[in-house]
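Chains, contacts and geometry: an overview
What follows is the residue order along each chain.
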Amino acid sequence: MGSVPFFFMSASSILIQFLNGLASASSLFLVAAGLSLIFGVTRIVNFAHGSLFMLGMYLAVALAPMLGFWWSVPLAALAVAAFGALVEATLLRRLYAAPELLQLLATFALVLVIKDFTLWAWGPEDLLGPRAPGMDGAVRIAGLRYPEYDLFLIGFGPLVLGALWFLLRRTRWGTLVRAATQDREMAGALGVNQRWLFTSVFALGALLAGLGGAVQIPREPATLFIDLQIISDAFVVVVVGGLGSIPGAFLAALLIAEIKSFCIGLGYSKITLVVEFIVMAVVLVIRPWGLLGRMPAQSRGPGTVELPLAFPTRKALAALGGMAMMLALVPLLSAGYTLVLLTDILVFALFAVSLHFIMGPGGLHSFGHAAYFGLGAYGAGLLLLKGGLPMELALALAPLLAVCGALVFGWFCVRLSGVYLAMLTLAFAQITWSVMFQWDAFTGGSNGLIGIWPSSWLSSKTAYYYLTLATCVGAIALLWRVLHAPFGYALRAGRDSPLRADAIGIDVRAQQWAAFVFAGLFAGLAGALFAFSKGSISPEALAVPRSVDGLVMVLLGGIQTLTGPVWGAALLTWLQDAVSRGIDYWRAVMGAIVLVLVLVFPQGVTGFLRERFAR
Amino acid sequence: MLEVSGLDAAYGRARILFDVSFEAHAGQVAVLLGRNGAGKSTTLKCIIGLVRPRSGEIRFDGRPIQHLQPYQIARLGVGYVPEDRRIFTDLTVMENLEIGRQPPREGAPRWTPAKLFELFPNLGRMQDRLGARMSGGEQQMLTIARTLMGNPRAILLDEPSEGLAPVIVEQMARTIRELKAQGLTVLLCEQNLHFARLVADRAYVIEKGQLRRSGTLDEVREEYQQV
Ligand SMILES: Nc1ncnc2c1ncn2[C@@H]1O[C@H](COP(=O)(O)OP(=O)(O)OP(=O)(O)O)[C@@H](O)[C@H]1O
Ligand SMILES: [Mg+2]
């Protein structure tokens, strides 16, 4: 379909696009409402909400042949609700008092586990759902055919909104939920059993997600990609509508779905994302907490105070220098595989240190750092292959693409904090991924780019190893140096006490934006080095699991340590290399590692060891 | 009715309460007197379970409760009225009362919104008003009413006279005497000696987390004025 300017669309096709938007909004609203509801009471942003949607879809598709479509939908939703209750009771319940980052990580880990579970249970192929019996025809609207089922969906969203309104405003349970949303401690002191309340809220949220997925099956196939696609859409919706506001979720779902529908209808489906962004930007600038949202109340209880980052002692510096020297000697002793592994470790050490730069001292918890890694990698490939630049120049310029990404995304991100920031970084990474994944003509789509080899003088494993070693060690040293320069101190001041930092004349936002871009630059450099070491690049380089890798590396090492991310990167890269080839469901294993880390070593492994042996 | 013995409490590394022991007898009003930061609120939070004591024992009706969750303690019949009111500002007066509501309890007066509006006529006139739109005094009434909806047998009041006009303070004292007349056990935290005198059967002076003296209000008055 070619693109048609808006004013050339006939009135009837405008109407049809409008109805399409309404129909898509319903399912999106269900997911976003569940997300909002859960966040309101438990203060946890459930990153796995899209995964619950996906489970709902697969379950409905699986149940439909046995029970018929109309039974499979509610049953799938109930099954997802039961699963949600189980997750809450066994896992999340332990985390309500934990730092926000760990809560986010735990639900993030669930995404991986559920994805692999779905893969194991239903296989990698897309599953087509049945049509809805009794609603499989079409009606004529303004002379055009329109599916009956979509009309049903158009009514379904407002119906659920009404039911939720009734539940929250007119029942005792709803009153308790609203009270707990405001002050759960006080509700407890008045005799409200929070455990039960939290479990039931989570179950309802999961039910909505599962239902949102199940009602979609006549419209689109169940795929393994849908979880992250939905969660990033839902994040955009709740950011626009206001986290915690159900009517806000409804309004924003309509807005986003209509935008999508008209972009597609006009033949501009590729710019949907751009338009979505412009809308989000406008909303965030005018109303930072969303259309109907309110500024989040300060949570009660003492905040955690981070220990200052100690300047490394002379001894520690000497030890680090010694290590770099030893790494330089490795090629004399061994070649081949060890060098390939060490190259990987160095690249990921730089990636992890750049993430740590914004997460630890900056306090900006990015759940989409792989976007910059991937932009650097694609930048290298595209400059070499499409731009015809020599390899050295491509390597040097590629990180600038990551810088551009970080400039744009960072502008939004520093306007938010906490869970909003986490949601937005994930949404940005997912969007970057879909651009690379879908733009077949330019980025090679799902196949990626091949033939990204270094110049001949760097083509031996040893030479490339030395290049990587020099670049990464230099870059890491620079990042660490900056943390102990006035910029780093100001960054930490902004993290610990934004108001006071502001008062002494630090422009906290500008500072954080600069940090974001700086970290993006080095993540991009790591990505470019990675691309030339592998000779090819695929969308996996910037997919969500890579962001998870970065988080795990930082977490393994301990977020408030300086050298931790390096050890974390070494350990994880080595582990993945040694173990992943033997395991089919590596993602689930990664998820399990994160869950264990979060539950057992909330300080990170080095933090744990330090606490253990410090006294 | 409510016995606290050897209570130690801390926030992180800062120790706040040291071996605090006292008792509130059934159907009486006991007052904890102490200056700012003495540890009064912390003591009440330990009793209702919002702060976990480090050691010591808290018995309600002879039963140890220091290991229970706040909601379990509340369901045994302990009502808690916090010092900073903490009403649900997004909820109406009626909805706030609904949060406190619990099944009737044997040996405790049975409260309904209608009865509470007799006790606090102001609240009756603003049943559908949002908590956010109420004055401080009205909010204070609402916190007490909300707690009474749980039909408690004992009630912990944290400085209910704070920030109220003298007339309202008198009214508050009448309310407390009324609750006592209904058979409720009251544990009251206060700095205001004048107010304490209007209601106290027994008084305890707490200073820097330690119990200094106990007796009738007149007996402890001098001690309190010295600290
Ligand atoms: N959440 C907290 N974290 C750390 N210290 C606290 C906390 N709450 C209270 N404290 C400290 O504990 C001590 C006792 O506080 P508490 O609130 O029990 O005093 P209080 O007798 O109720 O005083 P006031 O009359 O001012 O209400 C004070 O020194 C206070 O600074
Ligand atoms: Mg107090």
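The coordinates are above.
Described in the following lines is the structure provided in the data block. This structure is a prediction, so every number in the text was calculated from the model and none was measured. (Residues numbered from 1 in each chain as written. Chains lettered and ligands numbered in written order. Predicted model: local features only at pLDDT ≥ 70, side-chain atom pairs only at ≥ 80, totals over all residues. Heavy atoms only, no water.)

Some thoughts on the overall build of chain B
Secondary structure assignment for chain B yields nine helices and 10 strands. The C-alpha atoms of chain B give a radius of gyration of 17 Å, which matches the 17 Å a tight globule of 227 residues would have. Over its C-alpha atoms, taken along the principal directions, chain B stretches across nearly 45 × 35 × 35 Å. Within chain B, the fraction of its 227 residues that count as buried is 55%. Restricting the contact set of chain B to residue pairs at least 6 apart, pairs at least 24 apart contribute 70%. Charge-centre separation for chain B: the mean point of 30 positive side chains lies 3 Å from the mean point of 27 negative side chains. (Helix = DSSP H or I, 4+ residues; strand = E, 2+ residues; numbered from the N terminus. Rg over C-alpha atoms; globule rule 2.2 N^0.38 Å. Buried < 20%, exposed > 50% of the residue type's maximum accessible area, 1.4 Å probe, protein only. Contact = heavy atoms within 4.5 Å. Lys, Arg positive; Asp, Glu negative; His and termini not counted. Charge placed at Lys NZ, Arg CZ, Asp CG, Glu CD.)

Observations concerning the interface of chain A and chain B
The interface is formed by 19 residues belonging to chain A together with 23 residues belonging to chain B. Here chain A and chain B share an interface that buries about 2,000 Å² over both sides, 52% of which is from carbon and sulfur atoms. Summed over the shared surface of chain A and chain B, the number is four salt bridges. Ionic pairing is found between Glu185(A) and Arg86(B), a salt bridge with its closest N-O pair at 2.8 Å. Linking chain A with chain B are 11 residue pairs in polar contact (both at pLDDT 80 or more), by the criterion used here. (Buried area = accessible area lost by both parts, 1.4 Å probe. Salt bridge = Lys/Arg side-chain N within 4 Å of Asp/Glu carboxyl O. Polar contact = N/O pair within 3.5 Å; in protein donor to acceptor, adjacent residues only side chain to side chain.)

Considering the pattern of salt bridges
Residues and elements named next belong to chain B. In the structure shown here, the tally under the stated rule is 18 salt bridges over all chains. Notably, a salt bridge pairs Asp61 with Arg153, separated by 2.8 Å at the nearest N-O pair. A residue pair is termed long-range when its members are at least 10 positions apart, and Asp61 in the loop between strand 4 (55-60) and strand 5 (63-64) and Arg153 in the loop between helix 6 (136-148) and strand 7 (154-158) qualify at 92 residues. Note on Asp61: relative accessible area 43%, which makes it partly exposed. Overall, the relative accessible area of 21% leaves Arg153 in the partly exposed class. A salt bridge links Arg221 to Asp218; the shortest N-O distance between them is 3.4 Å. With Arg221 and Asp218 both in helix 9 (residues 217-226), this residue pair falls three residues apart, about one helical turn.

A closer look at the coordination of the magnesium ion (ligand 2)
Residues and elements named next belong to chain B. Surrounding the magnesium ion (ligand 2) are the protein donor atoms Ser41 (OG) and Glu83 (OE), which sit 1.9 to 2.5 Å from the metal. Here Glu83 lies in the loop between strand 6 (78-81) and helix 3 (93-100) and Ser41 lies in helix 1 (residues 40-48), a separation of 42 residues in the sequence. On the basis of relative accessibility, which here comes to 29%, the residue Glu83 falls in the partly exposed class. (Donors = N, O, S within 2.8 Å, 3.2 Å for Na, K, Ca; no water.)

Notes on the environment of Arg546(A)
Along the chain, Arg546(A) falls in helix 21 (residues 544-557). If we skip the residues at most four places from it in the chain, Arg546(A) touches Phe348(A), Phe351(A), Ala370(A), Phe373(A), Phe530(A), Glu540(A) and Ala541(A).

What about the nonpolar core?
All names here are of chain A. Counting residues in hydrophobic clusters, the biggest one holds 243 residues, and the most contacted among them are Phe29, Phe47 and Phe367. Among the elements that make up this core, the one with the highest residue count is helix 1 (residues 11-42) (15 residues). When residues of this core are assigned to domains, at least three map to each of domain 1 (29-225) and domain 2 (332-543). Setting aside its immediate chain neighbours within four residues, Phe367 contacts Phe47, Leu101, Leu104, Leu105, Phe108, Ala422, Thr425, Leu426, Ser547 and Leu551. (Core = buried A, V, L, I, M, F, W, Y, C linked by side-chain atoms within 4.5 Å. Domains from an automatic or database assignment.)

Considerations on the sheet that holds strand 9 (residues 202-207) of chain B
Residue and element names in this part refer to chain B. On the basis of which strands lie adjacent, the open sheet formed by six strands has the order 6-7-8-3-9-10 and mixed pairing. The sheet is open, and its two borders are formed by strand 6 and strand 10 (210-215), each paired with just one other strand. Pairs of neighbouring strands in the sheet enclose a mean axial angle of 15°, with direction left out of account. In the packing of helix 6 onto the sheet, the strands contacted are strand 6 and strand 7, and the crossing angle to strand 6 comes to about 165°. (Pairing = 2+ DSSP bridges. Axes fitted to C-alpha atoms, helices over the stretch in contact; angles between N-to-C directions.)

Nothing here speaks to function; it is geometry throughout.
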